[in-house]
Amino acid sequence: MIKAYSGLLISLIFIAGCETQPTIDGLWVITSVSLGRTEMTPNARWIRFNSDFTQESGNGWFQHSEGTWNLDASTNKLSMVNTNGVDDPYEAFTTSFTDNGNMIWTRTEGRNPVRVILERRDELPSTVGDRLLGVWSLEEAVGEGGYFTGDSTSGNEYIFFRWDKRFEIGTGDTKIYGVYNLHGHKPEVELIPYDDKYPRNFWRVQAEKDTILLGQLNTLEPVVRKFKRIRELPR
């Protein structure tokens, strides 16, 4: 009878422990990354852990990695492999959970302590680049330069940010084509025209639902362009 009672007690303890053990299955968004005293949080970085021990990750709406994961229950060490990336030269992350359900990864890279905080989400986060996608008509222009003539009353000045990282600018009777790069940590976009007569420019971005504000960075005088979203290319 005592043996049976002891066995039941051990089983109940084990079951209770399993019920309170956090699971990492699901979508997580990185909200903070620190390397030593340096904050280096990426823009809208996420990772999804699947129950079959596969994982995929990306930034915003763009998935760029896939692979596998393993969490050692005895050591709380989390290791991940990206099959389309490079091998991680550092040790596995030690994983813990906060009272509010956030996940924390810690390890040492070189001599620097690394701390990553992740938060559960139901939907993918969006980057500034995701919110730029589409066609935008010029509403207001401050300052000279920056590709546009500044005639916001003409109704045919626009910029089209395509999903394939190309852009099209219409200004007066001129069309400018090129590619754009997005900064991984800052709300900035770089416009690189194909035609050498147009300079490469860097812009800080403020993006709302139907409005974007571009402020040129590589200039001494203020150059600002305000756009509203439209649904067709002006011709």
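Analysis parameters
- Residues numbered from 1 in each chain as written.
- Predicted model: local features only at pLDDT ≥ 70, side-chain atom pairs only at ≥ 80, totals over all residues.
- Heavy atoms only, no water.
- Helix = DSSP H or I, 4+ residues; strand = E, 2+ residues; numbered from the N terminus.
- Salt bridge = Lys/Arg side-chain N within 4 Å of Asp/Glu carboxyl O.
- Buried < 20%, exposed > 50% of the residue type's maximum accessible area, 1.4 Å probe, protein only.
- Contact = heavy atoms within 4.5 Å.
- Core = buried A, V, L, I, M, F, W, Y, C linked by side-chain atoms within 4.5 Å.

Asker: Just checking my understanding: could you explain the environment of glutamate 140 for this structure?
Answerer: On the secondary structure map, glutamate 140 appears in strand 10 (residues 134-142). For the pair formed by glutamate 140 and valine 224, sequence separation is 84 residues and the distance between their alpha carbons is 8.1 Å.

Asker: How should the pattern of salt bridges be read in this particular structure?
Answerer: Note on pairing: side chains with opposite charge can pair once their charged atoms come close. Under the criterion given, the structure shown has nine salt bridges. The partner of arginine 107 in a salt bridge is glutamate 109, and the shortest N-O contact between them spans 2.9 Å. Residue arginine 121 pairs with glutamate 119 through a salt bridge whose shortest N-O separation is 2.7 Å. You can call arginine 121 partly exposed: its relative accessible area is 32%. Through salt bridges with shared partners, a single network forms among Asp88, Arg107 and Glu109.

Asker: Whenever I open this one, the environment of methionine 103 confuses me. Can you help?
Answerer: One can find methionine 103 in strand 8 (residues 103-109). Once the C-alpha coordinates of methionine 103 and isoleucine 30 are considered, the two residues, 73 residues apart in sequence, prove to be 9.3 Å apart. Not counting residues within four places of it along the chain, the set of residues in contact with methionine 103 comprises Ile24, Trp28, Phe49, Thr95, Ser96, Phe97, Val116, Ile117 and Leu118.

Asker: Mind showing me how you'd approach the nonpolar core here?
Answerer: Within soluble globular proteins, side chains that are nonpolar generally end up buried alongside one another. Counting residues in hydrophobic clusters, the biggest one holds 21 residues, and the most contacted among them are Tyr147, Ile159, Phe161, Val189, Leu191 and Phe227. If you list the elements that add at least two residues to this core, you get helix 2 (128-132), strand 10, strand 11 (158-161), strand 12 (166-171), strand 13 (174-182), strand 14 (188-193), strand 15 (201-207) and strand 16 (211-216). Apart from residues lying up to four places away in sequence, leucine 191 is in contact with Tyr147, Ile159, Phe161, Phe167, Val179, Tyr180, Pro199, Arg200, Asn201 and Trp203. Counting 14 residues, the second-largest nonpolar core is a separate cluster that includes Ile24, Trp69, Phe93 and Trp105.

Asker: Even after reading the chapter, I still don't get unusual backbone geometry, so can you show me in this structure?
Answerer: A negative phi angle characterises most non-glycine residues, just as the trans form characterises most peptide bonds. Although it is not a glycine, alanine 44 adopts a positive phi angle of roughly 55 degrees. Within the secondary structure, alanine 44 is located in the loop between strand 2 (38-39) and strand 3 (45-49). Overall, alanine 44 belongs to the buried group, its relative accessible area being 13%. Positioned with a positive phi, lysine 165 is a non-glycine residue whose angle comes to about 70 degrees. When you line up the elements, lysine 165 lands in the loop between strand 11 and strand 12.

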